[in-house]
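What follows is each chain in one-letter form.
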Amino acid sequence: MTFEEFVAVRLPALVRHATVLSGDPHVAEDVVQDVLVKAQPKWTRIRTLDVPESYLRKMIINELVSTRRRVTARLRRERVQFPFHVEDRAEQVVQRAALVQLIRALPPRQRIVIALRYFEDMADGDIAALMGCSLATVRSQASRALARLRDVATVEPSREAR
Amino acid sequence: MIDREAIRDAFAAIADEAPSPQRIQATLAARTRQHRQRRIVLRVAGIGVAAATVGATGVEVWRLLQQPEAGFPAMAGGPGGGWLDVPLRYRPTWLPRGYGQANRTVLVADDQAAAVSLDWRPDGSASDGLTPTVGLTIGWHDALEPNRPTGRRTENVDVNGVVGQLILTDGEPSSPYVIWQPPGQPQLIVSVMTRDDLDEQRAIALRVARSVQPDQRHTSVGPRFGWLPADLAAAPWMFVLGHDDATWVQTLSTRGANDHRQLDVSIGPDVHKDNFIRDQAQPIQVRGFDGWQVPDNGQLFLTLSDGVEVSLQLLSPASEDGMSGPNPNTVPDLVRIVEELDFGPWPDMTWVGIK
């Protein structure tokens, strides 16, 4: 499969994957583009791997947790307010919106861990291998992330009280 | 209550915000095209291609044949000809087996052909910038200096009694090229990028260089600019005639001084497909032809009455990695450029695939 053929078929999935991991569609677009630009000259080698897409997904994660990317993402978060559907009082929707906000605010590694665990149904061992860290690190990151997400319980009543 | 399903739903909501991949595709296509333009004249330095680990050696004795190689498509071109007749002057009389001519590039400066570059590839597939290629560049111009390949590993070689240099480019993977200048003749450069190991590529480069002989054939430049913005009008421009699978493509490109913005004009039966983002396009009519503009990307697309497609894009100044991005809000310039563009006759393509 040529690079162009791969991009034509798999780019939507990569962009969606990066959006989930980053919590930010603009960052996702930048990251996927940067990763593909880096991958293109190496494609002759990458395409010989068993699953070239896994290699690119690992590149996306590396890019998301890179120092440069963290700084620019933080600056972006400070500038941009994501929509929060306060008008919709349906309990489930409000909770989801609050949860989305909390997920976006998580540190990148924590967000990536719970995205891979809960959205992509990956086992912790596989997450550790993908992120290049230990199983214990994955579990501690997940634990911290879940502790933060439980804060949504404190958000929800305040909205219901309005 | 936060449970697995709630978290999954939240991520699904985030995933639904994923941007359209078309902008990325367009940017990648523009970068690939720009890379191709840079490499097309001098296909050597820092190409970033991992040499394949399989495949037979490319070195096979080859006798000059005028029949296209079997792997190349027959394609319907036009009558050929144009406002500028360009003598090819030289050709290799030996190439690796199966290689046929795929691209002809002319650097036009002051209405003259300052340099000509010819590419041979092993089959008729479209080049993705990584396709094995043997190139011969005839002549030189200062405008090409930014593309001059460099390498610290240099040795003197004999090219039919003329001292030349064989240079291995820096970086991985390295590629060889041979540069020499017969007395009273233009400078010649042979560049090689194949899937063979470096020693084999070096041998191919030398063998091709030593086989170069005078050639009486000519090519033509059909289209020409009528008007260009001032920063682009002063610069030489590049005309590339080639093919994308079974359809012809001719490209005119020019870059302002100091690697400032770059204009690419592509003409051919199927040139819209890689770059056209329909959901961002707005209809436009130019010269009586229906088309589309994408202001955010600095793009203009037209379809002529015979179905031939034209696309124009202005790319912004190069970033730190040497590549450019879209140059927004330039459609008015693009409209004027295409209004005053002389398309010329559609090109003769009977040379594709021959030696």
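Throughout, a residue's number is its position along its own chain's written sequence, starting from 1. Chain labels run from A onward and ligand labels from 1 onward, assigned in the order the entries are written. Residues qualify for local features only when their pLDDT is at least 70, as the model is predicted, and side-chain atom pairs are given and counted only at 80 or more; totals for whole chains, interfaces and linings, by contrast, use all residues. With hydrogens and water set aside, each side-chain value is computed from the structure's full complement of heavy atoms.

Details of the interface of chain A and chain B
The contact definition used throughout considers only heavy atoms, calling two residues in contact when any of these lie within 4.5 Å. Contacts between the two partners involve 41 residues from chain A and, on the opposite side, 32 residues from chain B. Buried area: the accessible surface (1.4 Å probe) lost by two parts on joining, summed over both. With both sides pooled, the region where chain A packs onto chain B buries about 3,300 Å², and carbon together with sulfur makes up 67% of that total. A carboxyl oxygen of Asp or Glu within 4 Å of a side-chain nitrogen of Lys or Arg is what we treat as a salt bridge. Our count for the contact surface shared by chain A and chain B stands at 4 salt bridges. The partner of Asp121(A) in a salt bridge is Arg8(B), with the nearest N and O atoms 3.0 Å apart. We define a polar contact as two N or O atoms separated by no more than 3.5 Å, with the added condition that, inside protein, one atom must be a possible hydrogen donor and the other a possible acceptor, whereas residues neighbouring each other in sequence contribute only through side-chain atom pairs. Taken together, the links from chain A to chain B amount to 3 residue pairs in polar contact (both at pLDDT 80 or more). Per-element accounting of the side of chain A that touches chain B gives the leading share, 9 residues, to helix H1 (residues 3-22) of chain A. Where helices and strands are cited, they refer to DSSP runs of H or I of at least four residues and of E of at least two residues respectively, numbered from the N terminus.

A word on the packing of H1(A) against helix H2 (residues 25-39) of chain A
Residue and element names in this part refer to chain A. Lines are fitted to the C-alpha atoms to define the axes, a helix being fitted only along its stretch in contact, and any angle between axes, read from their N-to-C directions, falls within 0 to 180 degrees. Contact geometry of H1 with H2 gives a least axis separation of 8 Å together with a crossing angle of 140°. It follows that H1 is oblique to H2 by the angle criterion. You can see that H1 and H2 cross each other, and the crossing is right-handed. From H1, Phe3, Val7, Leu11, Leu14, Val15, Ala18, Thr19 and Ser22 reach across to H2, where they touch Pro25, Val27, Ala28, Val32, Leu36 and Ala39. For the contact of H1 with H2, the class distribution of residues is 12 nonpolar, 2 polar and no charged. Any angle between 65 and 115 degrees counts as roughly perpendicular, while under 35 counts as roughly parallel, over 145 as roughly antiparallel, and the rest as oblique. Here a crossing is called left-handed whenever its near helix is offset anticlockwise from the far helix by less than a right angle, and right-handed whenever the offset is clockwise. Residues were grouped as follows: Ala, Val, Leu, Ile, Met, Phe, Trp, Tyr, Cys and Pro as nonpolar; Asp, Glu, Lys and Arg as charged; and all remaining residues, including Gly, as polar.

Digging into the nonpolar core
Counting 68 residues, the largest nonpolar core has Val178(B), Trp180(B), Phe225(B), Leu263(B), Val265(B), Ile267(B) and Val310(B) as the members making the most contacts within it. Those residues in contact with Val265(B) that sit more than four places away from it in its chain are Phe225(B), Gln250(B), Thr251(B), Leu252(B), Val310(B), Ser311(B), Leu312(B) and Leu341(B). Buried Ala, Val, Leu, Ile, Met, Phe, Trp, Tyr and Cys residues form a nonpolar core when they are joined through side-chain atoms within 4.5 Å. Accessibility here uses a 1.4 Å probe with only protein chains present; expressed as a share of the type maximum, an area under 20% marks a residue as buried, one over 50% as exposed, and anything in between as partly exposed. Ala28(A), Ile60(A), Leu116(A) and Met131(A) belong to the second-largest nonpolar core, a separate cluster that totals 53 residues.

What to know about the pairing of strand S16 (residues 309-315) of chain B
All names here are of chain B. Of all the 7 residues making up S16, 7 are buried; the element is thus mostly covered by neighbouring parts of the structure. Side chains of S16 alternate between two faces, with Glu309, Ser311, Gln313 and Leu315 and Val310, Leu312 and Leu314 buried alike. Bridge count between strand S15 (residues 299-303) and S16: 5 bridges; the pairing is antiparallel. Bridge pairing in S16 places phenylalanine 301 opposite serine 311. Two strands qualify as a pair provided DSSP detects at least 2 bridges between them. Hairpin remark: S15 followed by S16, antiparallel, with 5 residues in the connecting loop; positive phi at glycine 307, about 90°.

That is the geometry; function is a separate question.
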